[in-house]
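What follows is the residue order along each chain.
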Amino acid sequence: MAVTNDLSPFGAYSPKGVIPRLLAVTRAAGQGWFGHRKAFALRKIMIWLLRGAPVDVETFGARMRLYPYNNVSEKRILFTPQYFDEAERMLLASRMAENFIFIDIGANIGGYCLFAAANAGPGSRILAIEPQPDIFERLIYNIRQNDFANVKAIDCAVADKDGEIVLFLDRENSGETSMRIVGPGGPGSNITVPAKTLHTIVNEEGYDHIDAIKLDVEGAEDLILEPFFRAAPEALWPKLIMMAHLHQRWVVDLPKLLLAKGYREVQLTKNNTAWERG
């Protein structure tokens, strides 16, 4: 389903009719089998009722305009935010302290970065990085609907060198876009975007430390982290690293690298692994 971003004032797409009642049910659904089945069945009904329109809601303490079409993250955050990386978000929240610095690589429409902005306090610095132009436009829109002064967004890819890079797109799920061909988008479905190394970005932002970093780059995590560890001083190594565990797509053995750098695995969920140092 092709969806065009609508940048009209927030509230123009507030849930109406039966949608608020159905949303209340899916957002309150339990973690068990029955809760999932009920929520997913009602989700299909709401997608049909919405006819391609976005929905303006508050989630994770932030206002967002969400388009639950061809983007799994938006679908999850809109209909069932309680299923959206709950353990990961709770781990991140438990590490928040004064002057907290968090980098969200592959920020999508802002689920993690807005959660962090809402919970880390005004002294924190949240950096959201998203390379897809249409998704970045949604990210910026969502950031602007809130009074957070601690969030900055950058529209580039994070790669192993500065310059430009080709992103391979997934027609069914924008969240599957990658620097490597991994989904049904395949050759011929791609865009060229500016790219920077993580070390370059950290230097440009003037960080003296990084408390936490989240990487969701569909199998290119090794292209980002290995060069960073080679280039960056130890003082800039993130205390907490949260990333999708896509071992089959990595060229570098990231678990071995992280262990060698003094990290230990502190969380393993269905989709992600968290490593902590110190």
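First, a word on scope: everything that follows refers to the structure included in this document.

About the thresholds
- Residues numbered from 1 in each chain as written.
- Predicted model: local features only at pLDDT ≥ 70, side-chain atom pairs only at ≥ 80, totals over all residues.
- Heavy atoms only, no water.
- Helix = DSSP H or I, 4+ residues; strand = E, 2+ residues; numbered from the N terminus.
- Buried < 20%, exposed > 50% of the residue type's maximum accessible area, 1.4 Å probe, protein only.
- Lys, Arg positive; Asp, Glu negative; His and termini not counted.
- Salt bridge = Lys/Arg side-chain N within 4 Å of Asp/Glu carboxyl O.
- Polar contact = N/O pair within 3.5 Å; in protein donor to acceptor, adjacent residues only side chain to side chain.
- Contact = heavy atoms within 4.5 Å.
- Arc of directions from axis to C-beta.
- Pairing = 2+ DSSP bridges.
- Axes fitted to C-alpha atoms, helices over the stretch in contact; angles between N-to-C directions.
- Parallel < 35°, antiparallel > 145°, perpendicular 65-115°, else oblique.
- Nonpolar A, V, L, I, M, F, W, Y, C, P; charged D, E, K, R; others polar.
- Core = buried A, V, L, I, M, F, W, Y, C linked by side-chain atoms within 4.5 Å.

**Concerning the side chain of Glu130**
Locating Glu130 in the fold gives a position in the loop between β4 (125-129) and α6 (133-144). For the buried Glu130, no salt bridge exists, and the shortest N-O distance to an oppositely charged side chain is 7.3 Å, to Lys214. In this structure the side chain of Glu130 is engaged in a polar contact, spanning 2.8 Å, whose partner is the backbone nitrogen of Asn108. If we skip the residues at most four places from it in the chain, Glu130 touches Gly106, Ala107, Asn108, Ile135, Phe136, Leu139, Ile154, Asp155 and Cys156.

**A short note on helix α1 (residues 19-27)**
All of the buried residues along α1 are Ile19, Leu22, Leu23 and Thr26. Across the axial projection of α1, the buried residues extend over an arc of 100°, all falling on one side. In this fold, the buried residues of α1 make contact with α2 (33-50), β1 (55-59) and α3 (72-79).

**Focus on the sheet that holds strand β11 (residues 263-268)**
Ordered in space as β5-β4-β3-β9-β10-β12-β11, the seven strands form an open sheet in which the pairing is mixed. Two strands close off the open sheet at either side, each with one partner strand: β5 (151-154) and β11. Shown here is a sheet whose adjacent strand axes are inclined to one another by a mean of 15°, direction ignored. When strand β3 (residues 101-105) meets strand β9 (residues 212-215), the two strands line up parallel, connected through four bridges. Counted as the bridge partner of Ile103 is Ile213 from β9. Running over the sheet, helix α4 (residues 86-94) touches β3, β9, β10 (240-244), β11 and β12 (272-277) and is turned about 135° from β11. Strands β3, β4, β5, β9, β10 and β12 of the sheet are contacted by helix α5 (residues 111-120), whose axis makes an angle of about 165° with β3.

**Focus: the environment of Tyr207**
For Tyr207, the position within the fold is in the loop between α7 (198-205) and β9. Among the residues examined, Tyr207 registers a relative accessible area of 8% and is labelled buried. It is 8.2 Å that separates the C-alpha atoms of Tyr207 and Ile101, two residues lying 106 residues apart in sequence. Not counting residues within four places of it along the chain, the set of residues in contact with Tyr207 comprises Ile101, Ile103, Arg125, Leu127, Val202 and Leu236.

**Comments concerning the packing of α7 against helix α8 (residues 221-231)**
At a minimum axis separation of 8 Å, α7 and α8 run at an interaxial angle of 60°. The pairing of α7 with α8 is recorded here as oblique in orientation. Residues Leu198, His199 and Val202 of α7 form the contact with α8, whose own contacting residues are Ile224, Phe228 and Ala231. For the contact of α7 with α8, a count of residues per class yields five nonpolar, one polar and no charged.

**Describing the environment of Leu258**
Positionally, Leu258 belongs in helix α9 (residues 254-260). For Leu258 and Glu74, which are 184 residues apart along the polypeptide, the C-alpha to C-alpha distance reads 31 Å. Here Leu258 is in contact with Phe229, Ile241, Met243, Tyr263 and Trp275, once residues within four sequence places are set aside.

**A word on the pattern of salt bridges**
Using the criterion set out here, one finds 13 salt bridges in the structure. Taking the shortest distance from any N to any O, the salt bridge between Arg230 and Glu226 comes out at 2.8 Å. Of this pair, Arg230 and Glu226 are both found in helix α8, four residues apart, which corresponds to roughly one turn of the helix. On the basis of relative accessibility, which here comes to 23%, the residue Glu226 falls in the partly exposed class. Between Glu276 and Arg264 there is a salt bridge, and its shortest N-O distance comes to 4.0 Å. Within this pair, whereas Glu276 is found in strand β12, its partner Arg264 is found in strand β11, the two being separated by twelve residues in sequence. On the basis of relative accessibility, which here comes to 12%, the residue Glu276 falls in the buried class. The exposure class of Arg264 is partly exposed, given its relative accessible area of 46%. One salt-bridge network, in which partners are shared between bridges, spans Asp6, Asp56 and Arg65.

**Side note on the nonpolar core**
Judged by nonpolar contacts, the single largest core of 44 residues is most densely connected at Leu23, Met64, Leu92 and Phe102. At seven residues, the largest contribution of residues to this core is made by α5. Counting 34 residues, the second-largest nonpolar core is a separate cluster that includes Leu225, Ala232, Met243 and Ala244.

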